[in-house]
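Structural overview for review
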Amino acid sequence: MITIQTFLQVLDLVGTFVFAISGAVAAVNRRLDIFGILVLSFVAGNFGGITRDLLIGAVPPAALTDGRYLLVSVLAGIITFFWYAGVDKLRSPMLLFDAAGLSLFAVAGAQKAIEFGLNPIMASLLGMLTGIGGGITRDVLLAEIPQVLRSDLYAVAALAGASVVAIGNVLDLSYGVSALVGGVLCFGLRFMAIRYGWRLPVAHLSARGRAEADPSNEVDQR
Amino acid sequence: MITIQTFLQVLDLVGTFVFAISGAVAAVNRRLDIFGILVLSFVAGNFGGITRDLLIGAVPPAALTDGRYLLVSVLAGIITFFWYAGVDKLRSPMLLFDAAGLSLFAVAGAQKAIEFGLNPIMASLLGMLTGIGGGITRDVLLAEIPQVLRSDLYAVAALAGASVVAIGNVLDLSYGVSALVGGVLCFGLRFMAIRYGWRLPVAHLSARGRAEADPSNEVDQR
Amino acid sequence: MITIQTFLQVLDLVGTFVFAISGAVAAVNRRLDIFGILVLSFVAGNFGGITRDLLIGAVPPAALTDGRYLLVSVLAGIITFFWYAGVDKLRSPMLLFDAAGLSLFAVAGAQKAIEFGLNPIMASLLGMLTGIGGGITRDVLLAEIPQVLRSDLYAVAALAGASVVAIGNVLDLSYGVSALVGGVLCFGLRFMAIRYGWRLPVAHLSARGRAEADPSNEVDQR
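Cut-off values and rules
- Every chain is numbered independently, its residues counted from 1 as its sequence is written.
- Naming scheme: in the order in which they are written, chains are lettered from A and ligands are numbered from 1.
- Where local features are concerned, this predicted model is filtered to residues with pLDDT of at least 70; where side-chain atom pairs are given and counted, the filter is 80 or more; whole-chain, interface and lining totals use all residues.
- With hydrogens and water stripped out, all remaining heavy atoms of the structure feed into the side-chain values.
- Pairing of aromatic rings covers Phe, Tyr and Trp, the last counted by its six-membered ring, and requires centre-to-centre distances within 6.5 Å; plane angles under 30 degrees mean stacked, over 60 mean edge-to-face, and any other angle means tilted.
- Numbering of helices and strands runs from the N terminus; a helix is a DSSP stretch of H or I covering at least four residues, while a strand is a stretch of E covering at least two.
- Two conditions define a charge located above a ring, namely a distance within 6 Å from the ring centre to NZ of Lys or CZ of Arg, and an angle within 35 degrees of the ring normal.
- We call two residues in contact whenever any of their non-hydrogen atoms come within 4.5 Å of each other.
- In short, buried area is how much 1.4 Å probe accessible area vanishes from two parts on joining, totalled over both.
- Contacts described as polar in this section are N or O atom pairs within 3.5 Å, which, within protein, must combine one atom able to donate a hydrogen with one able to accept it, while residues neighboring in sequence count only if both atoms come from side chains.
- UniProt positions are given in the numbering used here, feature names are shortened, and annotations may be inferred rather than shown by experiment.
- Superposing copies: least-squares fit, C-alpha atoms only, residues required to have pLDDT of at least 70 in both.
- Between the N-to-C directions of two axes lies an angle of 0 to 180 degrees, each axis being a line fitted to C-alpha atoms and, for a helix, fitted only over the stretch in contact.
- Put simply, angles under 35 degrees are roughly parallel, angles over 145 are roughly antiparallel, angles from 65 to 115 are roughly perpendicular, and the rest are oblique.
- The hand of a helix crossing depends on one turn: near helix anticlockwise from the far one by less than a right angle means left-handed, and clockwise means right-handed.
- In this count, Pro and Cys sit with the nonpolar residues alongside Ala, Val, Leu, Ile, Met, Phe, Trp and Tyr, while Asp, Glu, Lys and Arg are called charged and the others, Gly among them, polar.
- Patch membership needs two things, relative accessible area over 30% and no salt bridge, and members are linked within 9 Å if like-charged or within 5 Å if nonpolar (Val, Leu, Ile, Met, Phe, Trp, Tyr).
- Areas reported as accessible are Shrake-Rupley estimates using a 1.4 Å probe. Residue values count occlusion only from the protein chains shown.
- Salt bridges are identified by distance alone: a Lys or Arg side-chain nitrogen within 4 Å of an Asp or Glu carboxyl oxygen.
- Grouping buried Ala, Val, Leu, Ile, Met, Phe, Trp, Tyr and Cys residues that are joined through side-chain atoms within 4.5 Å yields what is termed a nonpolar core.
- Relative accessibility under 20% of the residue-type maximum defines a buried residue, over 50% an exposed one, and the middle range a partly exposed one, all with a 1.4 Å probe and only protein chains included.
- The length a helix should cover is 1.5 Å for every residue beyond the first.
- It is the directions from the helix axis to the C-beta atoms that the arc portrays.
- Per-residue confidence from the predictor is reported as pLDDT, which spans 0 to 100.

1. Some words on the packing of aromatic side chains
All names here are of chain A.
- Here the structure, examined in full by the defined rule, presents eight aromatic pairs over all chains.
- An angle of 15° between the planes, with centres 6.5 Å apart, marks the rings of Phe187 and Phe191 as stacked. Of this pair, Phe187 and Phe191 both sit in helix H9 (residues 175-196), four residues apart, which is roughly one turn of that helix.
- Sitting over the ring of Tyr196, Arg195 keeps its end group 5.4 Å from the ring centre.

2. As for the interface of chain C and chain A
- Counting residues at the interface gives 38 residues for chain C and 31 residues for chain A.
- When chain C packs against chain A, the two sides together hide about 3,000 Å² of surface, and 68% of this comes from carbon and sulfur.
- For chain C, the biggest contributors to the area lost against chain A are C:Leu55, C:Met122 and C:Leu149; these three give 20% of the whole.
- The tally of links between chain C and chain A comes to two residue pairs in polar contact (both at pLDDT 80 or more).
- Considering every element that reaches the side of chain C that touches chain A, the biggest residue donor is helix H10 (residues 207-220) of chain C, with eight residues.

3. Some details on the environment of C:Leu38
All names here are of chain C.
- If you trace the backbone, Leu38 turns up in helix H2 (residues 34-56).
- Sequence-wise, Leu38 and Leu70 are 32 residues apart; in three dimensions their C-alpha atoms are separated by 9.8 Å.
- Discounting chain neighbours no more than four positions away, the residues touching Leu38 are Val74, Gly77 and Ile78.

4. Details of the UniProt feature "transmembrane region" (unreviewed entry) in chain A
All names here are of chain A.
- Taken from the UniProt record, the annotation "transmembrane region" (unreviewed entry) applies to residues 6-28, 35-55, 67-87, 120-141, 153-171 and 177-198.
- Helix makes up 95% of residues 67-87 and strand 0%, with an end-to-end C-alpha separation of 24 Å.
- Secondary structure across residues 120-141 comprises 100% helix and 0% strand; the distance between its end C-alpha atoms is 31 Å.

5. Quick word on the relation of the copies chain B and chain C
- Superposing chain B onto chain C takes a rotation of 120° combined with a translation of 0.0 Å along the rotation axis, leaving an RMSD of 0.0 Å. The operation mapping one copy onto its partner corresponds to a three-fold rotation axis. Residue B:Ala143, judged by its C-alpha, is the member of chain B lying nearest the rotation axis, at 3.0 Å.
- Residue by residue, only 11% of the interface of chain B is reproduced at the interface of chain C, so the copies engage with different surfaces.

6. Things to note about the relation of the copies chain C and chain A
- For the match of chain C to chain A, the screw axis carries a shift of 0.0 Å, the RMSD comes to 0.0 Å, and the turn is 120°.
- A share of only 11% of the interface residues of chain C reappears at the interface of chain A, consistent with the copies meeting through non-equivalent patches.

7. A word on the packing of helix H2 (residues 34-56) of chain A against helix H6 (residues 91-115) of chain A
Residue and element names in this part refer to chain A.
- Running from N to C, H2 and H6 point in directions that differ by 15°, and their axes come no closer than 11 Å. Considering their axes alone, H2 and H6 lie roughly parallel with respect to each other. For the pair H2 and H6, the crossing hand works out as right-handed. For the pair H2 and H6, the contacting residues are Gly45, Arg52, Asp53 and Ile56 in the first and Phe105, Gly109 and Lys112 in the second.
- Its residues assigned to classes, the contact of H2 with H6 shows two nonpolar, two polar and three charged.

8. Re the environment of A:Leu71
- Looking at the element boundaries, A:Leu71 is found in helix H4 (residues 67-82).
- Sequence spacing of A:Leu71 and A:Gly45 is 26 residues, and the spatial spacing of their C-alpha atoms is 11 Å.

9. Looking at a nonpolar patch on the surface
- Together, A:Leu75, A:Ile78, A:Ile79, A:Phe82, A:Trp83 and A:Leu90 make up a nonpolar patch on the protein surface, roughly 600 Å² of accessible area in all.
- Secondary-structure assignment places A:Leu75 in helix H4.

10. Brief notes about the packing of H2(C) against helix H4 (residues 67-82) of chain C
All names here are of chain C.
- Between H2 and H4, the shortest axis-to-axis distance is 8 Å and the interhelical angle comes to 130°. On the basis of their axis angle, the class for H2 and H4 is oblique. Remark: the crossing between H2 and H4 carries right-handed chirality. Where H2 abuts H4, its residues Ile34, Ile37, Leu38, Ser41, Phe42 and Asn46 lie against Tyr69, Leu70, Ser73, Val74, Gly77, Ile78 and Phe81.
- The residue inventory of the contact of H2 with H4, partitioned by class, reads nine nonpolar, four polar and no charged.

11. Quick notes on the interface of chain B and chain C
- Taken together, the contact between chain B and chain C spans 38 residues of the former and 31 residues of the latter.
- Counting the surface lost from both chain B and chain C, the interface buries some 3,100 Å², and carbon and sulfur atoms represent 68% of this.
- The tally of links between chain B and chain C comes to zero salt bridges.
- If you list the elements that add at least two residues to the side of chain B that touches chain C, you get helix H2 (34-56), helix H7 (120-141), helix H8 (154-170) and helix H10 (207-220) of chain B.

12. Side note on the nonpolar core
- By size, the foremost hydrophobic cluster in this structure holds 185 residues, and its most contacted members are A:Ile132, B:Ile132 and C:Ile132.
- When near neighbours in sequence (up to four residues on either side) are disregarded, C:Ile132 contacts C:Leu102, C:Val148, C:Tyr154, C:Ala155 and C:Ala158.

13. A look at unusual backbone geometry
- In this model, B:Asp172 sits at a positive phi of 65°, which is unusual for a non-glycine residue.
- Position of B:Asp172 among the secondary structure elements: in the loop between H8 and helix H9 (175-196).
- Here C:Arg31, not a glycine, exhibits a phi torsion of approximately 60°, which is positive.
- Position of C:Arg31 relative to the elements: it lies in the loop between helix H1 (4-29) and H2.
- Classification of C:Arg31 as partly exposed rests on a relative accessible area of 27%.

14. Some remarks on the UniProt feature "domain: Glycine transporter" (unreviewed entry) in chain A
- In the UniProt entry, the feature "domain: Glycine transporter" (unreviewed entry) is given for residues 10-84 and 96-167 of chain A.
- Across residues 10-84 of chain A one finds 85% helix and 0% strand; the C-alpha atoms that close the span lie 24 Å apart.

15. Considering H9(B)
Residues and elements named next belong to chain B.
- Given a rise of 1.5 Å per residue, 22 residues ought to cover 32 Å, and the 31 Å separating the end C-alpha atoms of H9 matches this to within 8%.
- For H9, the full list of buried residues reads Ser178, Ala179, Gly182, Gly183, Cys186, Arg190 and Ala193. Angularly, the buried residues of H9 cover 130° about the axis, an arc narrow enough to put them on a single face. Facing away from the buried side of H9, by more than 90 degrees, are the exposed residues Leu180, Val184, Arg195 and Tyr196.
- Buried residues in H9 make contact with helix H6 (91-115) and H8.
- With its phi angle positive at about 65°, Gly197 sits one or two positions after the end of H9.

16. Points about the confidence of the model for chain A
Residues and elements named next belong to chain A.
- Per-residue pLDDT for chain A has a mean of 85; in total, 90% of the residues score no lower than 70.
- Per-element averaging of pLDDT across chain A places helix H10 (residues 207-220) at the bottom with 44 and helix H8 (residues 154-170) at the top with 94.
- Long-range and interchain partners of residues 211-222, a stretch whose pLDDT sits below 50, account for 18 contacts in this model, where long-range means more than four residues apart.

17. Structural notes on the pattern of salt bridges
- Applying the stated criterion across every chain, the model contains 15 salt bridges over all chains.
- Notably, a salt bridge pairs B:Arg30 with B:Glu144, separated by 2.8 Å at the nearest N-O pair. Of this pair, B:Arg30 sits in the loop between helix H1 (4-29) and H2 while B:Glu144 sits in the loop between H7 and H8; the two residues are 114 residues apart in sequence, bridging distant segments of the chain. With respect to class, B:Arg30 is no different from B:Glu144; both count as buried.
- A salt bridge links C:Asp66 to C:Arg68, with the nearest nitrogen and oxygen atoms 2.9 Å apart.
- Among the charged side chains, a network of salt bridges with common partners joins A:Arg52, A:Asp53 and A:Lys112.

See the structure below:
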C-alpha cells in the first residue's frame, strides 16, 4: 500500500533527478569532463536544500546523510553523459517535471523552515530558496548570471507556492491541504509562464544606465 | 527620547538600505527582471551579516528572523525599479551613505564575532566580511569579479574599523568608545579614498604573467 | 622529538601555504590589488576546510580559530606580491607540493567528517570537498568556471584518497594506515595525471548541443 509519505518521498527524488539533469546538461554544454558533470548534477539537484539547511541550522544537511539523493544525482549525470542526444530531445517534457520538482521543493522547503521556527515570511523565502538554490549554484559554478533571476516567473512561482504553505500554517490549516494548494499554484504559474511566455517587467534605464548596461548585455547573451 | 540603541538600529537599517540600492542598481544594469532586482537587493544588503552568522554559528541569521531587514531591502529594490533615473543621479551622495553603512557593518560585525568567542584577529576579519560580504555575493551572482577586491581601500577601510573594535576589546575599552573610533576611521579612510582616488598597489607581472593576464583583463573591463 | 601529530600539522600548514600561493598567483594575473591578493590567498588555502566545517556543523571553523592558517595564507600572498617572477618560475615543483596538499586535505577532511558522524560515502565526498573547495571558491570569485571541474583527475584523485580513509574506517583499520594508503593513492594519481596528461572523458554532443556550446566555449578559453 502506497502511503502519502512514500508518495512525497518519490516525488522528492524525482524532483532531485530532474534538477540534476539540468545541471548535467549545462555541464556537458560547457565541455566539463565526466567528473565535472557529476558535480554539477549533485549541485543542481541538492544545493537548494543544503543552503536552506545551513541557514536554519539543520546540519548536517539531509542531502548529505541520506544516500539516495546522491544516488539519484549521479544516475542523472551518468544518463546525460552517455545519452546526451536523447536527454536533449526530452527538453519539453522535462520542463513539466522540472515544474513539478520546483513545486515540491518550494512547498517542502517552506514546511521545514516553519518546523525550525522561522516566521511565515522567511519560511516562504526559504521555500523559494529550496526550489531555486540548486539552479543558482549551478550557474554560479559555470560563471553565468543565474537563469532563475532573469526568466519567466520561475522564482516567483516557487515563492507563491511556498507562501501558501506559510499562510496555511498561520491559519492552522492542515499541511496536506496547504501543500496541495501551494504545489498546484506553483506548478500552474510555471506552466502558464512556459506556455504563454509570461515574464516579469524589467526596469526602464536612463540613457546613462543604458550605455553602461549594453556591453555587459552582449556578454550575457552568450 | 532616542537612545543610543535606537540610533544604532536606525543606522543599521540605513546601511542595509544603501547596500540594497547598490544591488538593485547592478541588477537593473544587467537587465534582470523585477524579481531578480529584489533578490539582488536583499543579497547586497544582507549577505555580509548572513555569512558572518553562518561562520560563527549564529543560526538562523538575524537577517532571516527580523523582518525589517527584508522590508528595507525590498523597499530599496522597488524604489530603484520605478525610479532608476533618480537613483542614478544620487550616486555621489549615495557613496557617503555607503561609507557610513560599511563603517557600521564592520564595527557591529566585529563586536558580534567577539561576543561569540572569536579571537581578536578573526573578529576583525569577520567584521570586514560583514561589511564586504554583501557586495561580494552581489558581484558573484552577476558573474563578475567582486569590485571590493579591486578598488580603492574599500575592504581595507572595513578591516581598519573592525580592528579598532577588536583591539579596544583586548584593552578593555568600552564598546561605545571603540565603535565610535573604529567607525570614524573606516568612514574617514573611505572618504579620503573616494575624494583623492587612493588605491592599493598591484603586483608587477613577469612577461609571462602579463601575457596570460591581458586577455582575461579585457573580459574584466566589461 | 617530532611526533606524527606534529608532522601532520606541519603538512597541513604546508598544504595551506601552497594552495594560498595558487590563489595569490590567480589574483595577480587578474590585476587585483594587494588586498584582493591576500583575500584570494586565504580563500584558496582555507575555504575547502571552512565549507566542510559548515556542512558538518563544526562552527566556528578551525581556520577561523587557529591563527596559524591565516598567518601562512597572508605570508603566501605577500611573497607572491613582492616576488611574482620567482613564484612564477617555481610552477613545476609547486605542482608536486599542491598534490601533497591535496592528498593531505582529502585524507584529513574525510577523517573529520567520519568523526562528526557522516556515513562513509558522504565522508569521502566531504574529504574531496576539503581538497577542492578552496580552488573552486577562488575561481568563482574570479568569475571563472572552476578548473578542478575540468582538469586532469584533480577532484577524482582527492575522492580516491578520501575513499580509502572512509573504507578503512568501515573495515576498522587504524587511521594511520588508511591515511597513508589514501594519501599515497591521491598523490600518485595526481602525479601520473600531471606526468602523462591523464584526463577524464567529456560527453559527445548532439549537433544542437554543439551549436549552443561553441560560443560559450570561446568565452571559457579566456
